[in-house]
Amino acid sequence: MSSFLRPATEQGPPPAAGHYRPVTSHFAIAPPVSVVIPAMNEAENLPYVFKTLPEWIHEVVLVDGNSTDDTVAVARELWPGVKVVGQRGKGKGDALITGFAECTGEIIVMVDADGSADGNEIVSYVSALVGGADFAKGSRFANGGGTDDMTPIRKLGNRVLCSLVNHKFGARYTDLCYGYNAFWKHCLDEIALDCAGFEVETLMNIRVVKAGLRVQEIPSHEFVRIHGTSNLRAVRDGLRVLKVILRERGSRRRRPHRLAIAPAANGKVVNSKVVNGKAADSKDVS
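What you see is a predicted model; the values in this text were computed from it and never measured.

Asks: Please clarify how the side chain of R140 should be interpreted in this entry.
Replies: You can see R140 is positioned in the loop between β7 (135-139) and β8 (146-147). Since its relative accessible area comes to 3%, R140 is described here as buried. Of note is the side chain of R140, whose polar atom sits 2.8 Å from the side chain of D175. Non-local contacts of R140, meaning those with residues more than four positions away in its chain, are made with G145, G146, T147, M150, R154, N158, D175, C177, Y178, S220 and E222.

Asks: What's the story with helix α5 (residues 152-169) in this structure? I'm lost.
Replies: Residues separated by three or four positions in an α-helix point in the same direction, a consequence of the helix having 3.6 residues per turn. If you check α5, its first and last C-alpha atoms are 26 Å apart, about what 18 residues at 1.5 Å a residue would give, namely 26 Å. Among all positions in α5, only N158, L161, C162, V165, N166 and F169 are buried. Along the long axis of α5, the arc covered by the buried residues comes to 140 degrees, so they all point the same way. Opposite the buried face of α5, by more than 90 degrees, sit the exposed residues P152, I153, R159, V160 and H167.

Asks: Just to check I follow, could you spell out the packing of aromatic side chains for this structure?
Replies: Centre distance and the angle of the planes are the two values used to describe a pair of aromatic rings. Evaluation of the coordinates by the stated rule reveals five aromatic pairs. Note on F100 and F183: the rings are 5.2 Å apart at their centroids and 85 degrees apart in plane angle, and the pair reads as edge-to-face. Of this pair, F100 sits in helix α3 (residues 92-102) while F183 sits in strand β9 (residues 181-184), placing them 83 residues apart in sequence. Like F183, F100 is buried. Measuring from centroid to centroid gives 5.9 Å for F135 and F183, while their planes differ by 10 degrees, and the two rings are stacked. With F135 in strand β7 and F183 in strand β9, this residue pair connects regions lying 48 residues apart in the sequence. Each member of the pair F135 and F183 is classed as buried. The structure contains a cluster of three or more aromatic residues connected by ring pairs, namely F100, F135 and F183. When the ring centre of Y173 is taken as reference, the NZ or CZ atom of K137 above it lies at 4.9 Å.

Rules used throughout
- Residues numbered from 1 in each chain as written.
- Predicted model: local features only at pLDDT ≥ 70, side-chain atom pairs only at ≥ 80, totals over all residues.
- Heavy atoms only, no water.
- Helix = DSSP H or I, 4+ residues; strand = E, 2+ residues; numbered from the N terminus.
- Buried < 20%, exposed > 50% of the residue type's maximum accessible area, 1.4 Å probe, protein only.
- Polar contact = N/O pair within 3.5 Å; in protein donor to acceptor, adjacent residues only side chain to side chain.
- Contact = heavy atoms within 4.5 Å.
- Expected span 1.5 Å × (residues − 1).
- Arc of directions from axis to C-beta.
- Phe/Tyr/Trp six-rings, centres within 6.5 Å; stacked < 30°, edge-to-face > 60°.
- Lys NZ or Arg CZ within 6 Å of the ring centre and 35° of its normal.

Structure, rendered in structure tokens:
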């Protein structure tokens, strides 16, 4: 599969030099990045999560699902400027919707609190967005991705459901039920989230396609949850995802979408620099 970054459209005057945030020695960005972390009783896992978050991000929004442990205290100790908000509702969808509403950054990154996601990958997601994508979608099955935390039945279910979405909505996804994603905040106006549970990730993936947003898959490696037990149930959650797919199938798709395949196999973008709203030294493959 080919990889590319398409330069973003230049809009207005460039930001002042001081507004750029150095990401690597070859890459700087102007848009502020918010990281949303839904968490409930994840005090033991948060040190691993925060350890990998890059220092250049604009803010961390921790959505607390009424934790009974020291989740909030640990988060504030690890990241003194963390913005803690109480979750409205009970499910993961409710938590994400709550967190998104509190973000002040132009780019939003979704990160799980169980230690399964590597915050060092955020640079790849942000690179895709400043390069022209609207939605950077993590994939454990794109070239360079992987997972240590999926049973055979979950892999099979994900593959079947992913194929169904690709067939019904004209997508070309390699992964469907994965919660490590990033997008421009204005995309929320296009996808109008109204889902309370775990299936919110599938809903987002479907609605960005139906809205005609530009999607780029990012190879990502999912690690095993460090502490605690996952609430995922393969059959139960698979049926909930299927229900979302069937519900969304009947609504109208507004315009054709364009799906950009993931960047290089190692998931990193190198020799790129954003200048005046454009990503230099990027490849453009039609």
